[in-house]
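Letter by letter, the chains look like this.
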Amino acid sequence: MAHAYTPGLRVSEKTVVRKERRLPIKGEVVVAKGDHVTSDSVVARTHLPGNVQLVNVASKLGLPPEDLPSVMQKKDGDPIEKGEALAVTQGFFGFFKSKVLSPCEGTVESISTVTGQVILREPPTPIEINAYIDGEVVEILPEEGVVVEAVGTFIQGIFGVGGERTGEIAVVVDGPGQPLDESLITDEHKGKIIIGGSHVTWDGLQKATEVGAHGIVVGGFDDPDLKRLLGKDLGVAITGHEDLATALILTEGFGEMTMAHGTFDLLRSCEGRKASINGATQIRAGVIRPEIVIPIEGATAADVQDGEGSTTGLEIGSLIRAIREPHFGSLGKVTELPNELQKMESESMVRVLMVEFENGEQALLPRANVEMIEE
């Protein structure tokens, strides 16, 4: 029997997490296979070529291009400082000399006697990538990067902003339905990953940023506040590159939405442990979910039982979230999975399921209108 595609969020207490850490261009891998690394360990580095600046020296000095070598103070490959003389004319009897100064620090890359231009290359930009998670290097990607493996708790969110951060888990609410406001955040949360409940207020987010919290994980956030935070409408672009001091991960969606009890209880059980989070999100093709990774110290892949943390198909008892109105955001469990296609109000024939929501209400929903929470 064919299966309807059901998107899912992973919420695993213990699973094997593998992260590929790759340079944007070829460079040098500085660790070896089998090395144990921490989240901030540099695993590979390279240099991005500096920007090019063109200086029309011949034109500035009023010389024909073929005379350029006679006035140059530097040759190909020479380093040069910003403001240093690039070319100087002889003048008359040592007087009335004309100079062209370098507009930047860098290297003389080319001197053209055809165009009269000098090409300057600014200093390269060093690029380093870290391990992101505490774990073991299990694979080397020659000249490109590594694969780091860890065993730990792994939780995916619905949406996030802000890139990679690390910090200790700090739960500041009493339950998954409690809002996270500024009164719950103190200077003690500097460098922490703050766990809230139903949503975070604008003032709460601002307070977290002020005290230096590295991240917030919460059920929801108001859409107008997101635009206020980013200074623009988000559109459909991938997130994760925003210049934000505090990353934000939503586990349920927009608005005031109680965090799933299983997710909240799992995060609360990890309080005080080091976590790596990433708010990067892509909704369309090539879906990327924001994530929380909490390595278990001393655990290895051999400690994960067969099937533990693995993905299974939709079945009776599966925990799901409705992702369409009128039940959008509601959590429930699958009670029936009819084999037959059924006609909906739209007159379309679709595969359906019966779900019982947390409030006891039952509903027949298209399988495409739910998202499975993979526990």
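Residues numbered from 1 in each chain as written. Predicted model: local features only at pLDDT ≥ 70, side-chain atom pairs only at ≥ 80, totals over all residues. Heavy atoms only, no water.

(A) Fine view of the overall build of the chain. Helix and strand content of the chain: five helices and 27 strands. The globule rule puts the C-alpha radius of gyration for 375 residues at 21 Å, and the 28 Å found for the chain is more than 25% above it. By residue count, 46% of the 375 residues in the chain fall in the buried class. Side chains of the chain give 34 positive and 57 negative charges; the mean places of these two sets differ by 6 Å. (Helix = DSSP H or I, 4+ residues; strand = E, 2+ residues; numbered from the N terminus. Rg over C-alpha atoms; globule rule 2.2 N^0.38 Å. Buried < 20%, exposed > 50% of the residue type's maximum accessible area, 1.4 Å probe, protein only. Lys, Arg positive; Asp, Glu negative; His and termini not counted. Charge placed at Lys NZ, Arg CZ, Asp CG, Glu CD.)

(B) Region of interest: the sheet that holds strand 9 (residues 106-111). Spatially, 5-10-9-6 is the arrangement adopted by the four strands of the open sheet, whose pairing is antiparallel. Only two strands of the sheet have a single neighbouring strand rather than two, namely strand 5 (52-56) and strand 6 (79-80). As defined by bridge partners, strand 5 adjoins strand 10 (residues 117-121) across five bridges and the pair is classed as antiparallel. Along strand 10, the bridge assignment pairs Asn56 with Gln117. (Pairing = 2+ DSSP bridges.)

(C) Expanded view of the layout of surface pockets. Estimates place the volume of the second largest pocket at around 420 Å³. Of all the elements, strand 13 (residues 145-156) adds the most residues to the lining of the second largest pocket, at three residues. Split by residue class, the lining of the second largest pocket holds seven nonpolar, five polar and six charged. (1 Å grid on protein atoms, 1.4 Å probe; cavity = no way out; pocket = protein on both sides within 12 Å on 5 of 7 lines; lining within 4 Å. Points joined across faces, edges and corners; volume = space filled by probe spheres on them. Nonpolar A, V, L, I, M, F, W, Y, C, P; charged D, E, K, R; others polar.)

(D) Structural view of the pairing of strand 4 (residues 42-48). Pairing of strand 2 (residues 28-29) with strand 4 involves two bridges; the strand directions are antiparallel. Among the inter-strand pairings, Glu28 is bridged to a residue of strand 4, identified as Arg45. Here strand 4 pairs with strand 11 (residues 125-130) via six bridges, running antiparallel. Note on strand 11: the bridge partner recorded for His47 is Pro126.

(E) Representation of the side chain of Thr281 within the structure. Inspection of the secondary structure assignment puts Thr281 in the loop between strand 19 (274-278) and strand 20 (291-295). With a relative accessible area of 2%, Thr281 lands in the buried category. Separated by 2.9 Å, the side chain of Thr281 and the backbone oxygen of Gly279 make a polar contact. (Polar contact = N/O pair within 3.5 Å; in protein donor to acceptor, adjacent residues only side chain to side chain.)

(F) Representation of the sheet that holds strand 2. Taking strand neighbours across the sheet as the criterion, the three strands line up as 2-4-11 in an open arrangement whose pairing is antiparallel. Both edges of this open sheet fall to strand 2 and strand 11, since each of them pairs with a single strand only.

(G) A look at unusual backbone geometry. In this model, Tyr132 sits at a positive phi of 75°, which is unusual for a non-glycine residue. Inspection of the secondary structure assignment puts Tyr132 in the loop between strand 11 and strand 12 (135-141). Look at Glu143: it is not a glycine, yet its phi comes out positive at around 65°.

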